[in-house]
Amino acid sequence: ESYVEVQARVSEWHRQLTADSVAVAHGGTARALMVALGIETPASAADLTIEQGAVYVFGEGGLTKYS
């Protein structure tokens, strides 16, 4: 699966959400979601460190990390 395919898949998943949800995913999936939501660019997401054990909350105001 290419990065573009991952981004399309997580975009579709996100569009189908109807309530607050919890998802557990790999860093690449989190990066793709950040790009799909306009939080990061493809270039900035590629260099972004995704911490293990951290909780990333995607919301109306953007992204908040709890670690």
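Values in this document were obtained by computation on a predicted structure and should not be read as measured data.

Participant: I'd like a description of the overall build of the protein, backed by residues and values.
Facilitator: Scanning the protein for helices and strands turns up three helices and two strands. Scanning the protein from its N terminus toward the C terminus, one meets helices and strands in the order α-α-α-β-β. Against the 2.2 N^0.38 benchmark of 11 Å for 67 residues, the protein shows a C-alpha radius of gyration of 11 Å, consistent with a compact globule. Within the protein, the fraction of its 67 residues that count as buried is 16%. Considering only intrachain contacts with a sequence separation of at least 6, the fraction spanning at least 24 residues in the protein is 26%. Put simply, the protein has 4 plus and 8 minus side-chain charges, and the middle of one group is 3 Å from the middle of the other.

Participant: I'd like a rundown of helix α1 (residues 3-16), residues and numbers included.
Facilitator: For α1, which comprises 14 residues, the first-to-last C-alpha distance of 20 Å matches the rise-based estimate of 20 Å (1.5 Å per residue) to within 8%. Residues of α1 that are buried include every one of Val6, Val10 and Ser11, and no others. Taken end-on, α1 shows its buried residues confined to a sector of 130°, consistent with a single buried face. Facing away from the buried side of α1 by over 90 degrees, the exposed positions are Val4, Arg15 and Gln16.

Participant: Run through the environment of glutamate 12, naming residues and quoting values.
Facilitator: Structurally, glutamate 12 can be placed in helix α1. Along the chain, glutamate 12 and threonine 29 lie 17 residues apart, while their C-alpha atoms are 13 Å from each other.

Participant: Give a description of the pairing of strand β2 (residues 62-66) that names residues and reports values.
Facilitator: Across five bridges, strand β1 (residues 55-59) lies against β2 in antiparallel orientation. Looking across to β2, one finds that phenylalanine 58 is bridged to leucine 63. Once β1 ends, the chain turns through two residues before running back antiparallel as β2.

About the thresholds
Residues numbered from 1 in each chain as written. Predicted model: local features only at pLDDT ≥ 70, side-chain atom pairs only at ≥ 80, totals over all residues. Heavy atoms only, no water. Helix = DSSP H or I, 4+ residues; strand = E, 2+ residues; numbered from the N terminus. Rg over C-alpha atoms; globule rule 2.2 N^0.38 Å. Buried < 20%, exposed > 50% of the residue type's maximum accessible area, 1.4 Å probe, protein only. Contact = heavy atoms within 4.5 Å. Lys, Arg positive; Asp, Glu negative; His and termini not counted. Charge placed at Lys NZ, Arg CZ, Asp CG, Glu CD. Expected span 1.5 Å × (residues − 1). Arc of directions from axis to C-beta. Pairing = 2+ DSSP bridges.

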